[in-house]
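Descriptive analysis of the structure
Read off the chains here:
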Amino acid sequence: MDPVLSAPAPPPDRLLADHGDALFRYALGRVRDEATAEDLVQETFLAALGARTGFRGESSERTWLIGILRHKLCDHLRKRCLERPLAGDLDSADVVVDGMFAQDGHFVSPPGRWDADPAELSQKAEFWVVFAKCRDALPRRQAAAFLMRQIDDVPAEDICKELGITPTNLWVLLHRARLRLRACLEEHWFVLEIPS
Amino acid sequence: MSAIFACREAVRLANQSLDHPLTLIQRIELRTHLAMCQACRVYRRQSRALSRTIARGAQAGLLVPVTVELSPAARGRIAQALRQRLTTGDQKDV
């Protein structure tokens, strides 16, 4: 007998109790709404059930589940991108980004001075609320590329494969996402702090 | 050159450098522009700092506050789905 197969399967109720909230938070940091995050958590546990002997040892349980969730998230992002192909997102110009520069290519309004030090922000819960709003305001393909690259550190070639785009497309998407995010955060956080 | 190489291009290179290495020529172009342009220096500093902050926050699991939990309804639905799958799965095994 395969020793892995004969290992006792983790009871699903216990898995849900131990990891449900953590997986939910992980998913919610990467999708736009709670219902989608809940669905992804459910799919993760169901997949874990199907492969319930696929991990060894208590310590790796969370890592194992997060790994499954990451696959589900990739599927989800890809599907969302394929739902509405390219239009307004990649082939055409990005009006918001183009509006930041004048005809001659200079800033319409130069970057403002920020009071807060971005380096200290990661500890502020309110900052992440504003960040989530700005992230959700991104066109979906930009958001998908940015999330995979910046949040999950997915290698560029994998993102291109997932989203069905070329590396040049990816750099354009990331460039636009960064410009939009920065502008949105400047407006809603650095200049005018939103009370929580 | 400076008419062609405006802030739009400098910002593009500054952003690109966060995601993959620039070529030598691109690095020189960017550095030349930054030396002359206060706005782009500010942009690059802020953009880099934000990028680091976001990466650090994501790594530390700060994107969503730890007080956020699955709703009882969602937890119930998931538990139900798991039980259902277990039952049908067991039948298949038999």
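Residues numbered from 1 in each chain as written. Chains lettered and ligands numbered in written order. Predicted model: local features only at pLDDT ≥ 70, side-chain atom pairs only at ≥ 80, totals over all residues.

Section: the overall build of chain B
The number of helices and strands found in chain B is 4 helices and 0 strands. Along the chain direction, N to C, the helices and strands of chain B fall in the order α-α-α-α. Taking all 94 residues of chain B together, the buried fraction comes to 26%. The contacts in chain B between residues at least 6 apart in sequence include a share of 56% that link residues at least 24 apart. (Helix = DSSP H or I, 4+ residues; strand = E, 2+ residues; numbered from the N terminus. Buried ≥ 20, exposed ≤ 12 C-beta atoms within 10 Å, placed from the backbone. Contact = placed C-beta atoms within 7 Å.)

A short note on the overall build of chain A
The number of helices and strands found in chain A is 10 helices and 0 strands. When the helices and strands of chain A are read in sequence order from the N terminus, they spell out α-α-α-α-α-α-α-α-α-α. Every one of the 196 residues in chain A was classed for burial, and the buried ones make up 37%. Once local pairs closer than 6 in sequence are excluded, the contacts in chain A between residues at least 24 apart make up 70%.

A closer look at the interface of chain B and chain A
Counting from both sides, the interface comprises 43 residues of chain B and, opposite them, 40 residues of chain A. Elements with a minimum of two residues in the side of chain B that touches chain A: helix H1 (7-19), helix H3 (38-59) and helix H4 (72-93) of chain B. Of the residues forming the side of chain B that touches chain A, the biggest block, 15 residues, is contributed by H3(B). The class makeup of the residues in the side of chain B that touches chain A is 24 nonpolar, 9 polar and 10 charged. (Nonpolar A, V, L, I, M, F, W, Y, C, P; charged D, E, K, R; others polar.)

Re H1(B)
In this model H1(B) runs 19 Å from its N-terminal to its C-terminal C-alpha over 13 residues, within 8% of the 18 Å that 1.5 Å per residue would give. If you check which residues of H1(B) are buried, you get Cys7(B), Ala10(B), Val11(B), Leu13(B), Ala14(B) and Asn15(B). In this fold, the buried residues of H1(B) make contact with helix H10 (167-190) of chain A together with helix H2 (24-36) and H3 of chain B. (Expected span 1.5 Å × (residues − 1).)

Remarks on H3(B)
With 22 residues, H3(B) extends 32 Å from end C-alpha to end C-alpha; this agrees with the ideal 32 Å at 1.5 Å per step. Every buried residue of H3(B) is listed here: Cys40(B), Tyr43(B), Arg44(B), Ser47(B), Leu50(B), Thr53(B), Ile54(B), Gly57(B) and Ala58(B). Against the buried residues of H3(B) lie helix H6 (118-121), helix H7 (125-136), helix H8 (140-151) and H10 of chain A together with H1 and H2 of chain B.

Some points on the domain arrangement of chain A
Residues and elements named next belong to chain A. Segmentation of chain A into domains returns domain 1 (3-83) and domain 2 (95-190). One C-alpha centre belongs to domain 1, the other to domain 2, and the line joining them spans 27 Å. Listed per partner, the contact involves 8 residues of domain 1 and 10 residues of domain 2. Of the residues assigned to the side of domain 1 that touches domain 2, the class counts are 3 nonpolar, no polar and 5 charged. (Domains from an automatic or database assignment.)

A closer look at the nonpolar core
Residues Ala27(A), Val41(A), Leu69(A), Ala144(A), Ala145(A) and Ala177(A) are the most contacted members of the largest nonpolar core, which totals 52 residues. No other element matches H10(A), which puts 9 residues into this core. Counting residues in hydrophobic clusters, the runner-up holds 11 residues, among them Ala10(B), Ala14(B), Leu30(B) and Tyr43(B). (Core = buried A, V, L, I, M, F, W, Y, C linked by C-beta atoms within 7 Å.)

Some details on unusual backbone geometry
Although it is not a glycine, Asp153(A) adopts a positive phi angle of roughly 55 degrees. Assignment of secondary structure puts Asp153(A) in the loop between H8 and helix H9 (156-163).

What about the environment of Ala10(B)?
All names here are of chain B. Tracing the sequence through the fold places Ala10 in helix H1. Taking the C-beta count within 10 Å as the criterion, Ala10 has 26 such neighbours and is therefore assigned buried. Here the alpha-carbon distance between Ala10 and Arg27, two residues 17 residues apart in the chain, equals 9.9 Å. Setting aside its immediate chain neighbours within four residues, Ala10 contacts Leu30, His33, Leu34, Cys37 and Cys40.

Things to note about the environment of Leu50(B)
With respect to the helices, strands and loops of the structure, Leu50(B) is situated in helix H3. Overall, Leu50(B) belongs to the buried group, with 23 C-beta atoms counted inside 10 Å. For Leu50(B), the residues in contact, after removing those within four places along its chain, are Pro118(A), Arg182(A) and Leu185(A).

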